Amino acid sequence: MKNGLDGLETEIPIELYELGYETMTHSPSLSSAARSVIDKGTEDESTITGYRRNILKSLVSHFLSLVLCGIPYLLAKWKPRWRLSATCSICPIALSDRLLIAPKESQDMYIVSVQSELVGPNFPSRFSISTKQENGTRDTTRLLQEDSNTFKFFFYKHLKYGWDAEDVCFTRLVGLDSGTSICNLLEQFSKGLSADISEGLVQLHGENSIEVEIPSYLSLLVEEVLHPFYIFQTCSITLWSLDEYYYYALCIFIISLISVVVSLYETRRQAESLHAMVAAGGEKTCILRRGSIVEETDTAKLVPGDLIVLPKTGCTMSCDVVLLTGTAIVNEAMLTGESVPVTKSAVPHLDAASDEPYNPEVHNRHTIFAGTHVIQTRFYGDQEVVAVVVRTGFLTSKGELIRSILFPRPMDFKFYRDSVRFILVLFCIAAIGMVYCTYVYIKRGADISMILLRTLDIITIVVPPALPAAMTVGTVYAQNRLKKKGIFCISPARINVCGKLKLICFDKTGTLTEDGLDFKSVLPALSSEFQGTVEDITKLEDDNVLLWSLASCHSLTIINNQLQGDPLDAKMFEGTGWDLEEPGEDAEKYDKMMPTVVKPRRTSVFSMDALPLELGIIRQFPFSSSLARMSVIVRELSSSNFIIFTKGAPEKLEDICDPSSIPHDYHSKLKELTLQGYRVIALAQRQLDENVNWIKIQKMKRDAVENNLQFLGFLIMQNTLKPQTQGVISELKAAELKIVMITGDNLLTGLSVSRDSGIIDPGDRVVILDVIHRDETLCLEFQDAEGFLNEDMVDTGNNGQTAVVLSRKTHLAVSGKTWSILIKHFPDLVPRILVQGTVFARMSPDQKAHLVEELQTQGYIVSMCGDGANDCGALKAAHVGVSLSEAEASVAAPFTSKIPNISCIPTLILEGRCALVTSFGVFKYMALYSMIQFISILILYTNKTNLGDGQFLYIDLVITTTVAVLMGRTQPWTKLVKQRPVGSLISGQTLASIFCQILASLAGQLTAMFYLQWLPWYTPVSLDDPDEEIIEDALTTTIFIVSSFQYLVLATVFSTGPPYRKPFYTNLLYLGALIILGSFTLYLLFIPGIPFIQIQEFFQLKNLHTDYKIWVVVIILVNIVVNILLENLVKTGNWAKKMMHYVIRKTTPKNKYKMVLQELEADPSWPLTGLTYTATNFS
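Conventions and cut-offs
- Residues numbered from 1 in each chain as written.
- Predicted model: local features only at pLDDT ≥ 70, side-chain atom pairs only at ≥ 80, totals over all residues.
- Heavy atoms only, no water.
- Helix = DSSP H or I, 4+ residues; strand = E, 2+ residues; numbered from the N terminus.
- Buried < 20%, exposed > 50% of the residue type's maximum accessible area, 1.4 Å probe, protein only.
- Contact = heavy atoms within 4.5 Å.
- Areas by Shrake-Rupley, 256 points an atom, 1.4 Å probe, with all protein chains shown as cover.
- Salt bridge = Lys/Arg side-chain N within 4 Å of Asp/Glu carboxyl O.
- Pairing = 2+ DSSP bridges.
- Expected span 1.5 Å × (residues − 1).
- Phe/Tyr/Trp six-rings, centres within 6.5 Å; stacked < 30°, edge-to-face > 60°.
- Lys NZ or Arg CZ within 6 Å of the ring centre and 35° of its normal.
- Core = buried A, V, L, I, M, F, W, Y, C linked by side-chain atoms within 4.5 Å.
- Polar contact = N/O pair within 3.5 Å; in protein donor to acceptor, adjacent residues only side chain to side chain.

S.K.: Can you help me understand the overall build of the protein chain in this one?
M.R.: The secondary structure content of the protein chain amounts to 38 helices and 44 strands. Of all 1179 residues assigned to the protein chain, the portion counted as buried reaches 54%. Restricting the contact set of the protein chain to residue pairs at least 6 apart, pairs at least 24 apart contribute 73%. As presented, the protein chain carries roughly 52,500 Å² of accessible surface, and 57% of it is formed by carbon and sulfur atoms.

Have a look at this one:
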């Protein structure tokens, strides 16, 4: 199959490229479709619609925009769909010159231009479109037709999508990580790409670079000022200026200008910081192999399939590569935050029949990712360390990290959805007020200009323009506090989500327990019988095969004279007392067949009859999470035979060992050790035939090595808990947060650590789910973890079966194998398992992510905390992923904690609850602020008066802005409580609070008004001119003073204290602002003209009667008491919640997990059928 590439020397790699693309459809009939889907089934799934420019529509749209002063241009910027509808016509995607992209997970829309460029004969035919061009000549009777090929593509979120000519659709361009097998990597790409093929692929993929543009200040300014918030501010300032509120308009203009400048500076600074992060590291040139030709090339010209040579002294990778030969020691701190050097080995040779597709996550032990630093490379004989490029540019892991920062995943959180709805409700209220205002001024006989001014002014009052900014105050303060505590966040919107967490998932090793393991002992096996435990293995004879396996079966290396590698391997090797030797700087031993040598420290006199004991590590098969084992092939210096040593999970090693070498009490010993919390690793070996030489060893497949092994014994490691673990777990459980352990370790070890850490209390029951096969029937069996049943926990039925009674104090433990079968064959049982499951062990990285997603489907707000190594998928899938890492930004999770233990989790929850409550408080305050002013204005409009310029200035800027900014500074409460804060603005409690406070504020102002009008000395305003307004009036002064105190009081009422935040008075700046503003407002009431008459004139206040002033204070005090009582009544009572449930007819919980809990409470003897469920009769 040549794909139109006849005459090229390298054809198969192009075929492999074309076979590797995931397409969104396979129907050629869709060539005329105007709408399709890209990235289907992924988190980036989006719908695309094709458009083509319509000249007539464009001319009409531009003409209308000019006539309407550019307003349509603004609407087109805010609404991309409107823009395209006004200037373009929908057309088949194949003919489109622009696309409307609508992501599935967000409400945003994007417009991208479809680009087209000519391509040469070496371009992959799958993405090449053949066209006919007519070129006119001087002889008009002749037309010359020429074939030309073009490539259509577009960029979306820094990824390139090309037109697939075979499937007639746009598809994302990918590297060799999709649809390429390990066999093809080894066989088809081992010689590199020819220069011609590489040139075509550079045009297809683009340059291998990650560019983060630093926007100019001018472009940032235009983008900022065209935001709806600033457009609304501009219209408001214009309106206030026309209404002669010059001071107020000027102050708002200055504040808006300062806000724009600060926003521009911060945006530019973040862009520069990200640009510097991208530019840091990365080599500019590399050594490229094209068959027998070796040349130096620019790394920007690398494409997937290129073969590069890694230098001996290391480098910083600019692309993702797979090692084909040799090994490399790398530091992946840039991506994972883990600064421990990691050994990367060559991808293993597999049989074509048993080949598997290449996957960067599955084969991460053979993949060196972009952005990581290669410390050293190692090779055998005269081989160079070569690697094939698999991903470039933004497709790399480093590119993925940058994209996740630039385009954070949208959060579907109730609070944000409800806030938009609430703003729409405010607009509706504003509309009602506008109608009333129009009625009042028409009845008065006012001019049309006055009616328009007063009517439009209602909108600026009811919908405060600062509302969106004010709502982020709590999040900003929380993010700054978290940063000071060593917790970094690249998605601030998720901080509020932390406040609603209900379930916390923890990895075990490195998260709950220490990173390193302490060597405990070994349990040797000889002649299929376990021997006595050996705690000091240095006492074993040097020729002991078990000792050899401990000394050689690892991936350790020496860097700067320090032993580096996996902590478990390091502890195991250090326990042997042996030495490890590797080639020095002179690289002398690079030419030898045994680059790594291990030998005992004890020395003896050298003689030809007795050569010193040295083991050369000839080949390594690195640890695989899917196989749960690693192997090495070694040769003893004085012997010509090679020996295989393997270590790994006991359950996995048992399957590849000779059954005759397995002790009869293998499982009972394993259970005994794991129940004590020890990490148990099985060891095995096999002697290779004498005719196997070094060359054959390098060509051996892994499955040919790891079989028919002789069991050697158990390595027993002690994994101690981190000092903070028990306290944190106790704190989380006291807050009734569900805690789940997800580990790749043994099930019983996980249970032991769960008991030690307090996840499972001493008196709690543990039931293990196991899968068994009986008479060709798949059975799910519930077994007691300790092997015995208490009388009060069993139920014996008529058929003699025993059912374990699962109460809410019972914990379920599930293995990865059981989980896979549970999902496939027992889906109806999954919700109950999820609700009562506590320990999930032997889980692969994919299973961890799947488990987190399944927990989310039950309605849990889930957090996952891990080290970011093999749980990246779960960290990304969780609502709140926390990576314990040294990096400030990690590809693994939205939160990165430099605190190397789980104490960051309570901190996050406390800050999240504080931020969420603050956001609710500020939102309610801003809503009440607008409603209070709305009430004030309608009262004054009705009485032919209005607030003055200075009064508006004092209320909106001095009081409201100061209070809204400072009330969010209150620190979080110090202790987690059981009850979570409300997460919805539409909840009964929130709505009741807002409604009651609106009534109380209305009552306060009306009481003051009616009392004033009742007094004999008060004279109502009388106007000669219907357009005139009297500001210096007793009613205006009264309403101004009363409402000013209402703003201050409601801010304090909504500044919720314990149990989510500290009391408001601990916020000293806020307390000081309250005292100062309250005192100054009293001053304005009693002695506004003393000592400066200018103050009274500026505020346009009427000097009231002294007795009346006292009664105003009484009304204010009564109003304050009512505000406080109403808020406490709403908070402490359950009536608002019940009333809301009655209104919306809610009779059952919305969250599925709550419904499952109700089922379990109603059915405490579950499972009714006993210990076993079968796939055939379970429904």
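S.K.: Is there a simple way to think about the pattern of salt bridges in this case?
M.R.: A side chain with one charge may pair with a side chain of the opposite charge, provided their charged atoms come close. Summed over the entire model, instances satisfying the criterion amount to 33 salt bridges. E207 is paired through a salt bridge with K301; the nearest N and O atoms lie 3.1 Å apart. Taken together, the residues E207 in the loop between α6 (195-205) and α7 (217-225) and K301 in the loop between β12 (293-298) and β13 (307-309) connect sequence positions 94 residues apart. Looking at E207, the relative accessible area reads 44%, which means it is partly exposed. Connected via shared salt-bridge partners are K508, E651, R679, D745 and R842.

S.K.: Would you explain the pairing of strand β19 (residues 373-378) in this entry?
M.R.: Side-chain direction in a regular strand flips from residue to residue, so the side chains alternate between the two faces of the sheet. Two strands pair when backbone bridges link them, and strand β14 (residues 315-316) and β19 are joined in this way by 2 bridges, in the antiparallel orientation. Residue pairing in the sheet places C315 in a bridge with V374 of β19. The pairing of strand β16 (residues 327-331) with β19 spans 5 bridges and is classified as antiparallel. Residue pairing across strands places V330 opposite V374, the latter belonging to β19.

S.K.: Mind showing me how you'd approach helix α8 (residues 228-242) here?
M.R.: With 15 residues, α8 extends 21 Å between its outermost C-alpha atoms, agreeing within 8% with the 21 Å of an ideal straight helix rising 1.5 Å per residue. If you check which residues of α8 are buried, you get F229, Y230, I231, Q233, S236, I237, L239 and W240. Of the surrounding secondary structure, the elements contacted by the buried residues of α8 are α3 (71-78), α7, α9 (246-279) and α13 (448-462). Positioned one or two residues after α8, E244 has a phi angle of 65°, which is positive.

S.K.: Mind showing me how you'd approach the packing of aromatic side chains here?
M.R.: Here a ring pair, both rings aromatic, is described through the centre-centre distance and the interplanar angle of the planes. Per the stated rule, a full pass over the model turns up 32 aromatic pairs. For the ring pair W163 and F170, a centre distance of 5.1 Å and an interplane angle of 75° mean the geometry is edge-to-face. With a relative accessible area of 7%, W163 lands in the buried category. Here F1064 and Y1070 contribute two aromatic rings whose centre-to-centre distance is 6.3 Å and whose plane-to-plane angle is 85°, an arrangement assigned as edge-to-face. Three or more aromatic residues joined by ring pairs make a cluster, and in this case those are Y247, Y954, F1040, F1080, Y1083, F1098 and F1099. The positively charged end of K160 is found above the aromatic ring belonging to F153, 4.5 Å away from the centroid. Its end group placed over the ring of Y217, R268 keeps NZ or CZ at 4.7 Å from the ring centre.

S.K.: Sorry, what's going on with the environment of V1113 here?
M.R.: Along the chain, V1113 turns up in helix α36 (residues 1106-1132). Measuring from C-alpha to C-alpha, the distance between V1113 and F1045 comes to 9.8 Å, with 68 residues separating the pair along the chain. Beyond its immediate sequence surroundings of up to four residues, V1113 is in contact with L1082, L1085 and F1086.

S.K.: Can you help me understand the nonpolar core in this one?
M.R.: One broad trend across soluble globular proteins is that nonpolar side chains are buried collectively. With 85 residues, the main nonpolar core has I458, Y925, V963 and F1040 as its most contacted residues. Counting 44 residues, the second largest nonpolar core, distinct from the first, contains I729, I760, I861 and I909.

S.K.: What is the right way to read the side chain of T674 from this model?
M.R.: Note that T674 resides in helix α21 (residues 666-675). A polar side-chain atom of T674 sits 3.2 Å from the main-chain carbonyl oxygen of K671. Here T674 is in contact with V680, N746, L748, T749 and S752, once residues within four sequence places are set aside.

S.K.: Please explain the environment of Y929 as it appears in this structure.
M.R.: Looking at the element boundaries, Y929 is found in helix α30 (residues 904-942). Y929 sits in the buried class, given a relative accessible area of 8%. Separated by 69 residues in the primary sequence, Y929 and I998 place their C-alpha atoms 9.6 Å from one another. Contact partners of Y929, with chain neighbours within four places excluded, come to P464, I955, D956, T960 and Y1047. Among the polar contacts made by the side chain of Y929, one reaches the side chain of D956 at a distance of 2.7 Å.

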